[in-house]
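Architecture and fold: a report
If you want the building blocks of each chain, they are given just below.
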Amino acid sequence: MKNKMSDLRNHLFVQMERLNDEGLAGKRLLNEIKRAQALTHLAREIIASSGLVLKGRIAVDNSISGGFVLPSTLDA
């Protein structure tokens, strides 16, 4: 998979356009709302995961440049 954060943004904007369709009503609207909620949940998880990767990268970069050594195991 080669998805990028820009792909996620595009999906979110497409979903927003679907929700903005004034022709949606009743069951079709409810289904679109459920779809939007699922997409929102996934987007939050992807963003949180990307943030964790970024924090790890920053920690590694700081350890290389500042002499800080990361522990080999983490205490819970």
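This report concerns the structure included in the present document. (Residues numbered from 1 in each chain as written. Predicted model: local features only at pLDDT ≥ 70, side-chain atom pairs only at ≥ 80, totals over all residues. Heavy atoms only, no water.)

A look at the overall build of the protein chain
- Each helix and strand counted, the protein chain has two helices and zero strands in total.
- Summing over all exposed atoms, the protein chain offers an accessible surface of approximately 6800 Å²; the carbon and sulfur share of this is 60%. (Helix = DSSP H or I, 4+ residues; strand = E, 2+ residues; numbered from the N terminus. Areas by Shrake-Rupley, 256 points an atom, 1.4 Å probe, with all protein chains shown as cover.)

Some points on the side chain of Glu32
- Tracing the sequence through the fold places Glu32 in helix H2 (residues 26-66).
- Taking the relative accessible area as the measure of exposure, Glu32 reaches 11% and is therefore buried.
- With residues up to four places along the chain from it excluded, the contact list for Glu32 reads Gln15, Arg18, Leu19 and Leu24. (Buried < 20%, exposed > 50% of the residue type's maximum accessible area, 1.4 Å probe, protein only. Contact = heavy atoms within 4.5 Å.)

Observations concerning the environment of Leu29
- Tracing the backbone through its elements, the reader meets Leu29 in helix H2.
- Taking relative accessible area as the criterion, Leu29 reaches 29% and is therefore assigned partly exposed.
- When the C-alpha atoms of Leu29 and Leu19 are compared, they prove to be 7.6 Å apart, with 10 residues separating the residues in sequence.

Quick notes on the environment of Ser50
- By secondary structure assignment, the location of Ser50 is in helix H2.
- Note on Ser50: relative accessible area 32%, which makes it partly exposed.
- Sequence separation between Ser50 and Met5 is 45 residues, and the spatial gap between their C-alpha atoms is 9.0 Å.

Observations regarding the side chain of Gln15
- With respect to the element layout, Gln15 can be found in helix H1 (residues 5-19).
- For Gln15, a relative accessible area of 3% corresponds to the buried category.
- A polar atom in the side chain of Gln15 sits 2.9 Å from the side chain of Glu32.
- The contact partners of Gln15, leaving out residues within four places of it in the chain, are Glu32, Arg35, Ala36 and Leu39. (Polar contact = N/O pair within 3.5 Å; in protein donor to acceptor, adjacent residues only side chain to side chain.)

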